[in-house]
Amino acid sequence: MLSAKHIRSDFIDFFKSKQHAFVPSSPIVPTDDETLLFANAGMNQFKDIFLGLAQPQSARAVNSQKCLRVSGKHNDLEEVGKDTYHHTFFEMLGNWSFNDYFKAEAIEWAWELLTKVWGIEPTRLWATVFEGDPTQDSPPDNEARSLWPKVTNISKDRVIFGSKKDNFWEMGETGPCGPCSEIHIDLGPERCDKQNVPGHTCMVNGNCARFIELWNLVFIQYNRTKEGRLVNLGANYVDTGAGLERVAAVLQNKASNYDTDLFMPVILGISDITGHKYTAKLGNRIDNAFRVIADHIRALVLAITDGAAPSNEGRGYVIRRILRRASRFGRELGMHEPFMYKLVPVVVDVMGDAFGEVKERAEYVSTVIESEEASFGRTLDRGIEIFAAAAERASESPQKTIRGDDAFQLYDTYGFPLDLTQLMAQERGLKVDKAKFDKLMEQQRERARAAQKSVQLSLNVADSELPVTQDLDKYHGDQCESKIIGWVDNEGFKDKGRIASDAEMGLVLDRTCFYAEAGGQVGDCGTIKSAEGEFIVENTTKIADCVIHKGRVAQGKLAVGDEVRAVVSKDRDAIRKNHTATHLLQWALQEVLGKSVTQQGSFVGPAYLRFDFTYPKAPTPQELRKVEKLVRQKITADLPVTSAVLPKEEAQKLGAMALFGEKYGNEVRVVGIGAAGKDYIGGAFSKEFCGGTHVDRLGFIGGFKIIKEESISAGVRRITALTGQVLTDYLEQQSDIVDQLSVMLKVPADGVTDRVEQLLKENKRLAKELKSASAAGGADIMAEARKLLDDSPKIDGSHIIVGQLSASPIERAREAVDMLKKKAKSAAIVLGFADGDKVTLLAGMTDDLVKKGLKAGDVVKAIAPIVDGGGGGRPQMAQAGGKKPEKIEEALTKAKELIKEKLQR
Ligand code: ATP
Ligand code: MG
């Protein structure tokens, strides 16, 4: 059998033999494209070439791109599991021509690889070409249509026309675009999964599993103008994409992508963990759960490796949604504890050779997944109950729709992403009131915005409008002479006239010594003065290569052409100290905690520095002390700091650290600590790719202290530290506090700790006394529950804990059931209590009894009518309400009988 690994390298080697250069996959999290959440096609990393903004390194390229299709234009999330050939994460094999070869070669080579190298029977393949669209001013692709039978042995009648939807590619509403030719395979009539759908006909693009698209050849030859017209692009590009998983299924002769060696190890892993068997059928819950989990764990491992981490917004929320979705499917396989993280090594095994980074970050990825599973797991079961109640209400309603309020509560309190609620609703033939949900979301966002209330100047300009600012002076000092060449406001860039004095704006100079926010270092503040006016700079940012001084005219008047003096505020020195200290901190962390520490982000401002890094657990206080000590030793040694601009390869050879996933140009600036002179960067103990401003000698930093260490997300730690004058002020304040304590407690400073310890002990003792005094009077239902356990009879080692408690809040009673389950290990629990004339019955079963067929929901349903009530719930936990307190004992006796009967059978 041809392994997927083999297929991948066949593809790459084939195109290498046709003079294509191999280009590694770009990260799934794009580094320099804000418009894209995740890489979703091989072309993403070449976008600038098609737009004419960048030159290709070589005229022909081949690669295997990591793709994630879960958002935006390409979203296949809903398909996953239901069909067997759409994944969230998949690999797209591709070959590229950057204005080199065109349609004839692209078609000929794709055909050669499929039919000659891989031996697919030509009669199984179909090709589609663009039929044209007069309303869009787009002609049919007659060129490709006549080329297909000419350069390949495909029979003419299997080259067919396709619509704009399938056969025309465009980057956006305007810009590069062109027709494409897709290659589909006919897998045989028995593979149709729509046989029972009335009116279905099997055909290319007919939307069934018999005909599957394998490879898409895109011919980028046009440019769509703002007016919607097509003009020639002036260049011909080829951009192709073939799904590795689909090709593997065909070449390995498997019934689906999930049966290939890319997925089977993961499927078997799930089987090992859950004890369920995969039977490869469509349309049943167990197999479906297998497929979804296998798909999602691959997506999670690959995306988290590339720097996406679960969070509440943007990319992070997409990752969180995928994980929670998979977690819920885990329940279908009986998994109530974190389990997906156990699949990480399997995925690493399958994917690690092609993508080395997956191996390197495996431990981190596993930590992130486990803790995210654990945190969702805590609310998932309760959420499923809430959902069940909402679904019941919905199925009784005429619209068969789950209320927006319910969906929002599930989202807000139980962490259910909307698509998860929708999916669960769909399984029961219900809909969700999304409009209401969206409205509630918007209201919540409004509240958050109101709470934030920071006014921000939004600069609305295109990169190409802006001039280039010479800003090397930032490295040499904090003052320079310059000239105003324009300004930016909400309307765009202006290069003439007087500058309005009442609005916030961004001033543009021909040269500047201001540092624009980048690489974690904040933008500079300061002033820009002319003979007639003064501008206060509140922040400095960069758009493309233009430095923008944001702020306002403080006095007098300013106009384009004015000679000015730019002066950076004194904060700059504090910033420099913190930035160099950040480099020292990263070095020291690696010394103490090991090389697995990698930077995840940083913030360098005048008041403090913050450094985020990957590390699976909290460093110990001793380790942190050691880090501080190392940093201080270097500061005291007053070593020099140098920088040099080097070719990227050379910098890498010297061992300079780059930020993971960051895209750098060919020339990079490297900051080195501990060796003098530009040529000595190699000898420096700390070397980092960095464009920031730094001290010249370490002694200037004047001290270093970590004031906080915390976890910001799974596997990511954050250290906050101080240097310089801010540190001195901080230490003074701390020492004032000790002085005050010493006066208050009437002990010398070095006796404060002992005295406080003594007081705390005393306090604890008193609290205990108080508690036992009050317990003697009031009700303590935990104690009552424990008593029930002590007195409970046993059958086959299982406790039967049935009894009445004092009135208590329901949450507390649930806790009592949980506590009893834990303590007894194996137990059937039924508790009842009355509050006025309201009765509550609660039942809980441990998993072993549920397996024996004893379900909490059944018991509650059977006894609730006795107290004139009703209810239900899950096999593990259920609840009912009622109205007849005098009947509680009778209900409980009945419960006891039921349980005994079940257990004695
Ligand atoms: P489909 O119509 O099957 O969804 P597509 O038209 O969206 O495919 P393209 O965007 O042209 O596909 O992507 C190129 C190739 O990548 C496809 O021919 C297919 O082999 C593969 N591919 C696309 N989407 C997926 C996916 N979700 N999972 C696996 N492979 C995919
Ligand atoms: Mg698609």
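Residues numbered from 1 in each chain as written. Chains lettered and ligands numbered in written order. Predicted model: local features only at pLDDT ≥ 70, side-chain atom pairs only at ≥ 80, totals over all residues. Heavy atoms only, no water.

Participant: Help me understand the site of ligand 1, please; the structure alone is not making it clear to me.
Facilitator: Taken together, 16 residues lie around ligand 1, and Arg69, Asp76, His86, Glu213 and Asn216 are the ones closest in. Take His86: an N or O atom from its side chain is 2.6 Å from an oxygen atom of ligand 1. Between ligand 1 and Leu214 there is a distance of 2.9 Å, counted from an oxygen atom to a backbone nitrogen or oxygen. In isolation ligand 1 exposes 580 Å². Once the protein is present, 85% of that is buried. Those elements that provide at least two residues to the shell around ligand 1 are strand S5 (89-98), strand S10 (211-224) and strand S11 (230-243). Of all the elements, S10 adds the most residues to the shell around ligand 1, at four residues. (Near = heavy atom within 4 Å. Polar contact = N/O pair within 3.5 Å; in protein donor to acceptor, adjacent residues only side chain to side chain. Areas by Shrake-Rupley, 256 points an atom, 1.4 Å probe, with all protein chains shown as cover. Helix = DSSP H or I, 4+ residues; strand = E, 2+ residues; numbered from the N terminus.)

Participant: It is not clear to me how the pattern of salt bridges should be interpreted in this structure. Could you clarify?
Facilitator: A pair can form between side chains of opposite charge whenever their charged atoms are brought close. Taken as a whole, this structure holds 51 salt bridges when the rule is applied. Put simply, Lys787 and Asp791 hold a salt bridge, and the shortest N to O gap is 3.0 Å. Each member of the pair, Lys787 as well as Asp791, is classed as exposed. (Salt bridge = Lys/Arg side-chain N within 4 Å of Asp/Glu carboxyl O. Buried < 20%, exposed > 50% of the residue type's maximum accessible area, 1.4 Å probe, protein only.)

Participant: Mind showing me how you'd approach a negative patch on the surface here?
Facilitator: Taken together, Asp729, Glu732, Asp736 and Asp739 make up a surface patch of like negative charges. Within the fold, Glu732 resides in helix H19 (residues 724-745). (Patch = residues over 30% accessible without salt bridge, like charges linked within 9 Å, V, L, I, M, F, W, Y side chains within 5 Å. Lys, Arg positive; Asp, Glu negative; His and termini not counted. Charge placed at Lys NZ, Arg CZ, Asp CG, Glu CD.)

Participant: So what exactly am I meant to see when it comes to the environment of Leu760 here?
Facilitator: Within the secondary structure, Leu760 sits in helix H20 (residues 752-777). A relative accessible area of 55% means that Leu760 is categorised as exposed. Between the alpha carbons of Leu760 and Ile154 there is a distance of 86 Å; along the sequence they are 606 residues apart.

Participant: What exactly am I supposed to notice about the packing of aromatic side chains here?
Facilitator: Any two aromatic rings considered together are summarised by their centre-to-centre distance and by the angle between their planes. One pass over the structure, following the stated rule, counts 23 aromatic pairs. Taken together, the ring pairs in this structure connect Phe46, Phe50, Trp96, Phe98 and Tyr237 into an aromatic cluster. Over the face of the ring belonging to Trp126 we find Arg158, whose NZ or CZ atom lies 5.9 Å from the ring centre. Note that Arg669 overlies the ring of Tyr475, its terminal NZ or CZ placed 3.6 Å from the centroid. (Phe/Tyr/Trp six-rings, centres within 6.5 Å; stacked < 30°, edge-to-face > 60°. Lys NZ or Arg CZ within 6 Å of the ring centre and 35° of its normal.)

Participant: How do you make sense of the side chain of Lys103 when you look at a structure like this?
Facilitator: By the element assignment, Lys103 lies in helix H3 (residues 103-117). Here the side chain of Lys103 touches Glu143 through a polar contact of 2.9 Å, side chain to side chain. Within the structure, Lys103 has its side chain in polar contact with the side chain of Gln221 (distance 2.9 Å). With near-sequence residues (within four places) excluded, Lys103 lies in contact with Asp141, Glu143, Ala144, Leu147, Pro179, Phe219 and Gln221. (Contact = heavy atoms within 4.5 Å.)

Participant: Explain the sheet that holds strand S23 (residues 641-647) here, please?
Facilitator: Note: strands within a sheet are paired through backbone hydrogen bonds, in either parallel or antiparallel orientation. The three strands are arranged S23-S24-S25 in an open sheet whose pairing can be described as antiparallel. Of all the strands in the sheet, just S23 and strand S25 (686-689) have a single pairing partner and so form its edges. Neighbouring strand axes in the sheet, compared pairwise and without regard to direction, differ in orientation by 25° on average. (Pairing = 2+ DSSP bridges. Axes fitted to C-alpha atoms, helices over the stretch in contact; angles between N-to-C directions.)

Participant: Just to check I follow, could you spell out the confidence of the model for the protein for this structure?
Facilitator: Should the pLDDT be low somewhere, the predicted coordinates at that spot are not to be read in detail. Overall, the predicted model of the protein reaches an average pLDDT of 91, with 97% of residues at or above 70. Here residues 452-457 scores under 50 on pLDDT; set against residues more than four positions off or in separate chains, the count is five contacts. (pLDDT = per-residue confidence, 0-100.)

Participant: In this structure, what is going on with the side chain of Thr541? I would like to understand it.
Facilitator: Examined against the element boundaries, Thr541 turns out to sit in strand S18 (residues 533-543). Apart from residues lying up to four places away in sequence, Thr541 is in contact with Ala516, Glu517, Cys546, Val547, Ile548 and Lys550.

Participant: Teacher, can you tell me more about the sheet that holds strand S31 (residues 838-845) here?
Facilitator: Strand order in the open sheet formed by six strands is S28-S29-S30-S31-S33-S32, with mixed pairing between adjacent strands. Looking at which strands have only one partner, the edges of the open sheet turn out to be strand S28 (794-795) and strand S32 (870-873). Two elements, S32 and strand S33 (residues 877-882), share four bridges in a ladder whose sense is antiparallel. Bridging across to S33, Gly871 finds its partner in Ala880. Running over the sheet, helix H25 (residues 888-904) touches S28, strand S29 (798-804), strand S30 (827-835) and S31 and is turned about 170° from S29.

Participant: How should I be thinking about the pairing of S33 in this particular structure?
Facilitator: In regular strands, side chains alternate between the two faces of the sheet. Sheet topology places S31 next to S33; six bridges connect them, and they run antiparallel. Across the sheet, residue Thr840 finds its bridge partner in S33, namely Gly881. Once S32 ends, the chain turns through three residues before running back antiparallel as S33.

Participant: What am I meant to see in unusual backbone geometry here?
Facilitator: One can expect most non-glycine residues to show negative phi and most peptide bonds to be in trans. The backbone phi angle of Asn253 is positive, close to 60°, even though this residue is not glycine. Its location among the elements puts Asn253 in the loop between helix H6 (244-251) and helix H7 (264-274). The phi dihedral of Lys400 is positive, around 50°, even though this residue is not glycine. Inspection of the secondary structure assignment puts Lys400 in the loop between helix H12 (362-396) and strand S12 (401-402).

Participant: Quick question: what am I supposed to make of empty space enclosed by the protein here?
Facilitator: Using the criterion set out here, one finds one cavity of 30 Å³ or more in the structure. When its volume is computed, the largest cavity comes out at roughly 50 Å³. Taken together, the elements giving at least two residues each to the lining of the largest cavity come down to helix H9 (314-332) and H12. Counted by class, the lining of the largest cavity contains three nonpolar, two polar and three charged residues. (1 Å grid on protein atoms, 1.4 Å probe; cavity = no way out; pocket = protein on both sides within 12 Å on 5 of 7 lines; lining within 4 Å. Points joined across faces, edges and corners; volume = space filled by probe spheres on them. Nonpolar A, V, L, I, M, F, W, Y, C, P; charged D, E, K, R; others polar.)

Participant: Can you walk me through the packing of helix H8 (residues 285-305) against H12 in this structure?
Facilitator: Between two packed helices, the angle of one axis relative to the other and the distance separating the axes together describe the packing. Interhelical geometry of H8 versus H12 gives an angle of 120° and a closest axis separation of 9 Å. Between H8 and H12, the interaxial angle falls into the category oblique. Crossing handedness for the pair H8 and H12: right-handed. Only Tyr364, Val365, Val368 and Ile369 of H12 make contact with H8, whose side of the interface consists of Ile297, Leu300, Val301, Ile304 and Thr305. When the residues that make up the contact of H8 with H12 are grouped by side-chain class, the tally is eight nonpolar, one polar and no charged. (Parallel < 35°, antiparallel > 145°, perpendicular 65-115°, else oblique. Left-handed = near helix turned anticlockwise from the far one by under 90°.)

Participant: Before we go on, may I ask you to explain the packing of H9 against H12 in this structure?
Facilitator: Where H9 contacts H12, the axes come no closer than 10 Å and their chain directions differ by 60°. Relative to H12, the element H9 is oriented oblique. Here the hand of the crossing between H9 and H12 comes out right-handed. Facing H9, whose interface residues are Arg320, Leu323, Arg324, Ser327, Arg328 and Arg331, H12 presents Ile369, Glu372, Glu373, Phe376, Gly377, Leu380, Asp381 and Ile384. Within the contact of H9 with H12, the residues separate by chemical class into five nonpolar, two polar and seven charged.

Participant: What am I meant to see in the nonpolar core here?
Facilitator: In globular proteins that are soluble, nonpolar side chains generally tend to be buried together. Formed by 122 residues in total, the largest nonpolar core has its most connected members in Phe38, Trp148, Trp215, Val301, Leu302, Ile369 and Ile402. Beyond its immediate stretch of four places on either side in the chain, Trp148 contacts Ile107, Trp111, Ala127, Val129, Ile154, Val159, Ser181, Ile183 and Leu217. Residues Leu584, Ala588, Leu593 and Ile706 belong to the second largest nonpolar core, which totals 28 residues. (Core = buried A, V, L, I, M, F, W, Y, C linked by side-chain atoms within 4.5 Å.)

Participant: Help me understand H6 in this model?
Facilitator: Side chains of residues three or four places apart in an α-helix project in the same direction, reflecting 3.6 residues per turn. Of all the eight residues making up H6, eight are buried; the element is thus mostly covered by neighbouring parts of the structure. Along H6, the residues classified as buried are Leu244, Glu245, Arg246, Val247, Ala248, Ala249, Val250 and Leu251. Looking at the residues trailing H6, positive phi occurs at Asn253, about 60°.

Participant: Even after reading the chapter, I still don't get the environment of Thr260, so can you show me in this structure?
Facilitator: Position of Thr260 among the secondary structure elements: in the loop between H6 and H7. Look at Thr260 and you get buried, because its relative accessible area is 0%. Separated by 304 residues in the primary sequence, Thr260 and Val564 place their C-alpha atoms 68 Å from one another. Setting aside residues no more than four positions away along its own chain, Thr260 makes contact with Glu245, Ala248, Ala249, Gln252, Lys254 and Pro265. A polar contact is formed between the side chain of Thr260 and the backbone oxygen of Asn257, at a distance of 2.8 Å.

Participant: Honestly, the pairing of strand S19 (residues 546-556) in this entry has me stumped. Any pointers?
Facilitator: As judged from the three bridges shared by strand S16 (residues 505-509) and S19, these two strands associate in the antiparallel manner. Its bridge partner being in S19, Leu507 is matched across the sheet by His549. Joining the antiparallel neighbours S18 and S19 is a turn of two residues, in which Ala544 adopts a positive phi near 50°.

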